[in-house]
Amino acid sequence: MNKNSKAVRQLTEKLESKLSRYFGCTPKDASAEQMYKAAAMTVKDILTAKRKNFKEEVNKTGAKRVYYMCMEFLLGRSLKTNLSNLGLVEEYRTALKALGFDIEKLYELEPDAGLGNGGLGRLAACFMDSLASLDYPATGFSICYEYGLFKQKIIDGLQVELPDIWLPGGEVWLVPRTDRTFEVRFGGQIRENWTDGRCEIAYENYEAVEAVPYDMMISGADSDAAGRLRLWKARDITNFNMSLFTQGQYTKALEDSTKAETISKVLYPSDNHTEGKLLRLKQQYFLVSASLQSILRDHISLYGTIDNLAEKVAIHINDTHPALCIPELMRILIDDHQFSWERAWDMVTNIVSYTNHTVLPEALETWDEQLFAITLPRMHMIIKEINRRFCAEAWDKFPSDWERINSLSILSGGRVKMANLAVVGSHMVNGVSAIHSDILKETVFKDLYKMYPDRFMNVTNGIAHRRWLCYSNPRLTSLLDECIGPDYRKEPQKLEDFRKFNNDTAVLERLGQIKYENKVDFANLLKEKTGQIIDPHSLFDVQIKRLHEYKRQLLNALNIINTYLDLRENPNLDIQPQTYLFGAKAAPGYDMAKQIIKLIFYISKEIESNPVIREKMRVVFLENYCVSMAEALVPASEISEQISLAGKEASGTGCMKLMMNGALTIGTLDGANIEMLEKAGKDNMFIFGLNCKEVDDLWIKGYHAADFYHNSPALRRAIDRLSFGFAGESFAGIENYLIAASGVADPYMCLADFESYKNTHDRAVSLYADKTAWNRMSLCNIAGSGFFAADRSIEEYASKIWHLQKVHLTK
């Protein structure tokens, strides 16, 4: 585009105006950071105007809205995505260049928004993108964390958690709405006053916190809609104690303010102590109470009544963290709007729906009932009544079966079971992959499924394919545009048309060249950021996911140790050079996960000390792995490690991003891998290991990890090396965990799957030498990946769960 064009000239004037108004400078004097913020402000203006027009149309048509509640939204950076969705990249590139700035360098100045952790938050972000792109009226709700999860620093192999300070560069995207604040109450006592047959609830001695909303606009691609993510910040509602302050008691004067603001301080505070548990519980109630008050205020403002709330509003809880919206909505309807219990419950269960994200018993959230009752007394009263009525219903279904009813009960054994509450209070419950949804019905919620069989369904996860393919991998996008046209950007299922080129030599060669160029880009980025050097001619083997035992980064490490020991015995061994790339954060209180990070670090350290071996294999742990790093790594990846123990991974979304960018999966029959295998074709993935039934059968028979240790020389050699250690550091604790732990050794069956994994990995590495065959498999994965776009997931939610209609602006 010509820089003298009218659009570019107008944009240049807007950028100059922002610099002058907010920073008191001209483009000549402006820093790069000031120009980034000026650019962000102009984009925010565009999105705010777009949102206003879309909201007016939604109000005019009376369309139903969905409100998506999640404790985290892992958005990554916004400037590039918003400009790409709006189709303004080249316009901004030209205008910024005319002012002396490089748009690519401005992208790098933006911090990743510290609002999420892993797959849960990334899924929520992808869904908000698709909701806007598909023109559905949607608002997301979360907390405006001052600090994100944490900034990961690896010091001598140890993960150190530092504050993730994102707001100085990220707050430019936020629109404060101090005119829309709400009060949230904690603790105190509840008094019931009966007047004229009506019960009025009075709160006494409670702690009040003010919820202040900050809105972030979410762009859609080639759409009329703009979504909104409303983030709540906690603020002390009491007046500042000036008397104490003037007496010099500064800390005491600020105590109430600090206590309140702690609620929105940090994402997922460590909960291995009572204070952490209490803070998490407060965060969850703070989120749902403020959000529901906001929803009802807007609804009443528009319609003048809440009688039609279920017709006009859908509320979706993403995992159990926002499950308190069920009793909180009951509270608002009964206490504030004088609904009867029966009428309120009917409305709540027609509005709320729930996505479950885990089959791990320890991840199904529960709270100590005494702590819960003290912190949220009214919620406890309402949940007790929900549970009383539910248990009576369960008794009718399972008469005299006390043990079963106790397991179904929301309140049991001094615990409040949030997953049970979420199922009982929702009209629809979905898993996130076909196998996960089956497991929910067959095991996790087996008896709840018997009570409510029509309530359960599956919606397989999806990813924002425009962001993860079109914007992150422009070379591959260009090839796809040439081969099948651009329609897949809005209709991702059309990626399947790419499969007809699987025998086109020129296309396959081009695909291989694109992958190599992406690897060069990532290698250069890694060197620039960390000083680490990797060979783009080596095979990039990637495992990028939250560090957890069930995801089995340890199984990957054992195989790496085996390959390393082969090279120690024979440094001249002729093997394909490989670079193993790990990206993962461990929860601050998760000791075993931190030990696995340390193991990977020290394996890498020892390999780097050997100049011969490091030419054939390298291990790189990517410190502080985040969305922006993933956007560079995913297009460069060649092997995607999806190696969780079968039956443990609900779905996964990183696997989908890697597949869509042409990486080949080494994986178990777990999570979304099963559906990926179906879409890519059984010859285009590397499947290994036990399936779910075999895992269950082995547990029933009795799993003895030591048997596998003794029967596999390669495995025995790798495990024996753990106690000897790497680079002078022993890992006898991990060796003990695998074969000699008190209780169950190797609880995620790394040893049972080792031989199958090793052989499958060897087969994949051998095939890599045949570039035509490898590129053909890569092409088939890309072609089969359209099903895993978030657009498809959202269409299923909209039609089968939320019952939404699209809204288009009248021309």
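The structure we're discussing is the one just above.
In this text, all values refer to a predicted model and were calculated from it rather than measured experimentally. Here the residue index of a chain counts from 1 through its sequence in written order. Predicted model: local features are reported for residues with pLDDT of at least 70 only, side-chain atom pairs are reported and counted for 80 or more only, and whole-chain, interface and lining totals are derived from all residues. Hydrogens and waters are ignored; side-chain quantities use all the structure's heavy atoms.

Let us look at the overall build of the protein. Regarding its fold elements, the protein presents 34 helices and 23 strands. C-alpha atoms define the radius of gyration in this analysis, and the globule rule sets the expected value at 2.2 Å times the number of residues to the power 0.38. Compactness check: the protein gives a C-alpha radius of gyration of 27 Å against a globular reference of 28 Å for 811 residues, within 12% of the reference. In terms of overall dimensions, the protein has C-alpha extents of about 90 × 80 × 65 Å along its principal axes. About 32,000 Å² of surface is accessible on the protein, with carbon and sulfur atoms providing 49% of the total. His residues and chain termini do not enter the charge count, which takes Lys and Arg as positive and Asp and Glu as negative. Working definition for charges: the position is that of NZ of Lys, CZ of Arg, CG of Asp or CD of Glu. With 97 positive and 106 negative side-chain charges, the protein shows a spacing of 4 Å between the two charge centroids. Only DSSP runs of H or I reaching four residues or more are called helices, and only runs of E reaching two or more are called strands; each is numbered from the N terminus. Shrake-Rupley sampling with a 1.4 Å probe provides the accessible areas, and residues are treated as covered by the protein chains on show and by no other component.

A separate point is the pairing of strand E3 (residues 151-155). Side chains of E3 alternate between two faces, with Gln152 and Ile154 buried and Lys151, Lys153 and Ile155 left unburied. In terms of strand pairing, E3 meets strand E4 (residues 158-162) through 5 bridges, oriented antiparallel. Bridge assignment links isoleucine 154 to a residue of E4, and that residue is glutamine 159. The buried label applies to any residue whose accessible area, calculated with a 1.4 Å probe on protein chains only, is under 20% of its type's maximum; exposed applies above 50%, and partly exposed to all values in between. Strand pairing is assigned whenever DSSP detects at least two bridges linking the two strands.

Here the focus is the sheet that holds strand E15 (residues 415-417). On the basis of which strands lie adjacent, the open sheet formed by 3 strands has the order E13-E15-E14 and antiparallel pairing. Each having just a single partner strand, strand E13 (366-368) and strand E14 (411-412) make up the two edges of the open sheet. Sheet topology places E14 next to E15; 2 bridges connect them, and they run antiparallel. Within E15, the residue paired with leucine 411 across the bridge is valine 416.

Judged by pairing direction, the sheet is parallel, and its 6 strands sit side by side in the order E20-E19-E18-E21-E22-E23 without closing on themselves. Both edges of this open sheet fall to strand E20 (617-621) and strand E23 (686-687), since each of them pairs with a single strand only. When strand E19 (residues 578-583) meets E20, the two strands line up parallel, connected through 5 bridges. Its bridge partner being in E20, glutamine 578 is matched across the sheet by methionine 617. Whether two residues are in contact is decided by their heavy atoms, any of which lying within 4.5 Å being enough. Inter-axis angles, ranging from 0 to 180 degrees, are taken between N-to-C directions of lines fitted to C-alpha atoms, where helices are fitted over the stretch in contact. In the packing of helix H23 (residues 553-569) onto the sheet, contacts are made with strand E18 (539-544), E19, E20 and strand E21 (639-642), and the angle to E19 comes to roughly 155°.

We call a set of buried Ala, Val, Leu, Ile, Met, Phe, Trp, Tyr and Cys residues a nonpolar core when their side-chain atoms join them within 4.5 Å. By size, the foremost hydrophobic cluster in this structure holds 276 residues, and its most contacted members are Phe286, Ile315, Phe498, Leu722, Leu738 and Trp802. Per element, the largest residue contribution to this core is 10 residues, and it comes from helix H10 (residues 274-303). Setting aside anything within four residues of it in sequence, one finds isoleucine 315 in contact with Tyr67, Met69, Leu292, Ile295, Cys325, Leu329, Ile351, Val352 and Ser353. Counting 5 residues, the second-largest nonpolar core is a separate cluster that includes Phe54, Val58, Ala63 and Ala225.

In terms of burial, strand E11 (residues 313-318) is a largely internal element, 6 of the 6 residues being buried. Side chains of E11 alternate between two faces, with Val313, Ile315 and Ile317 and Ala314, His316 and Asn318 buried alike. Examined bridge by bridge, E11 and strand E12 (residues 352-355) share 4 bridges and lie parallel to one another. The residue of E12 that forms the bridge with isoleucine 317 is tyrosine 354.

Turning to the environment of valine 175, a few remarks are in order. Position of valine 175 relative to the elements: it lies in strand E5 (residues 174-176). Using a relative accessible area of 22% as the deciding quantity, one classes valine 175 as partly exposed. Measuring from C-alpha to C-alpha, the distance between valine 175 and proline 213 comes to 8.4 Å, with 38 residues separating the pair along the chain. Apart from residues no more than four positions distant in its own chain, valine 175 is found in contact with Lys44, Pro213, Tyr214 and Asp215.

As a further point, take the packing of aromatic side chains. Stacked, edge-to-face and tilted are the three classes for Phe, Tyr and Trp ring pairs, Trp counted by its six-membered ring, which pair at centre distances within 6.5 Å; planes under 30 degrees apart are stacked, over 60 edge-to-face, the rest tilted. Scanning the entire structure with this criterion turns up 23 aromatic pairs. Each ring, one from phenylalanine 787 and one from phenylalanine 788, has its centre 5.1 Å from the other, and the planes form 90°; the classification is edge-to-face. Looking at phenylalanine 788, the relative accessible area reads 0%, which means it is buried. Site record: aromatic cluster; members linked through ring pairs are Tyr68, Phe73, Phe127, Tyr797 and Trp802. Here arginine 404 stacks its cationic end above the ring of phenylalanine 398, 4.5 Å away from the centre of that ring. Either the NZ atom of lysine or the CZ atom of arginine qualifies as a charge over a ring when it sits within 6 Å of the ring centre and within 35 degrees of the ring normal. Between lysine 771 and the ring centre of tyrosine 768, over which it is positioned, the NZ or CZ distance is 3.9 Å.

We now examine the packing of helix H1 (residues 6-23) against helix H4 (residues 89-98). Put simply, H1 and H4 touch, their axes get as near as 9 Å, and they point 60° apart. Between H1 and H4, the angle falls in the class oblique. Both H1 and H4 take part in a crossing whose hand is right-handed. Of H4, the residues touching H1 (which contributes Ala7, Val8, Leu11, Thr12 and Leu15) are Glu91, Tyr92, Thr94, Ala95 and Leu96. The residue classification treats Ala, Val, Leu, Ile, Met, Phe, Trp, Tyr, Cys and Pro as nonpolar and Asp, Glu, Lys and Arg as charged. All others, Gly included, are polar. Across the contact of H1 with H4, the residue classes break down as 7 nonpolar, 2 polar and 1 charged. Roughly parallel covers angles under 35 degrees, roughly antiparallel covers those over 145, roughly perpendicular covers 65 to 115, and oblique covers all other angles. Should the near helix be turned counterclockwise from the far one by less than a right angle, the crossing is left-handed, whereas a clockwise turn marks it as right-handed.

On to the side chain of serine 644. With respect to the secondary-structure elements, serine 644 resides in the loop between E21 and helix H26 (654-660). A 3.5 Å cut-off defines polar contacts: any pair of N or O atoms within that distance qualifies, except that in protein one atom must be a possible hydrogen donor and the other a possible acceptor, and neighbouring residues in sequence count only when both atoms are side-chain atoms. Of note is the side chain of serine 644, whose polar atom sits 2.6 Å from the side chain of aspartate 670. If sequence neighbours within four positions are ignored, serine 644 has contacts with Tyr550, Lys551, Arg552, Glu649, Thr668 and Asp670.

Two side chains that carry opposite charge are able to pair once their charged atoms sit near each other. Within this document, salt bridges are pairs made up of a side-chain nitrogen of Lys or Arg and a carboxyl oxygen of Asp or Glu, the two lying within 4 Å of each other. Following the criterion strictly, the structure yields 54 salt bridges and no others. Here glutamate 90 and arginine 93 are joined by a salt bridge, their closest N and O atoms 3.4 Å apart. Placement of the pair is glutamate 90 and arginine 93 together in helix H4, with a separation of 3 residues, close to one helical turn. Classification of glutamate 90 by relative accessible area gives partly exposed; the value is 45%. For arginine 230, the salt bridge is made with aspartate 215, and the minimal N-O distance between the two is 2.8 Å. Linking arginine 230 in strand E10 (residues 226-236) with aspartate 215 in strand E9 (residues 207-219), this pair joins segments that are 15 residues apart in sequence. A residue is classified by how much of its surface remains accessible, and arginine 230, at 1% relative accessible area, is buried.

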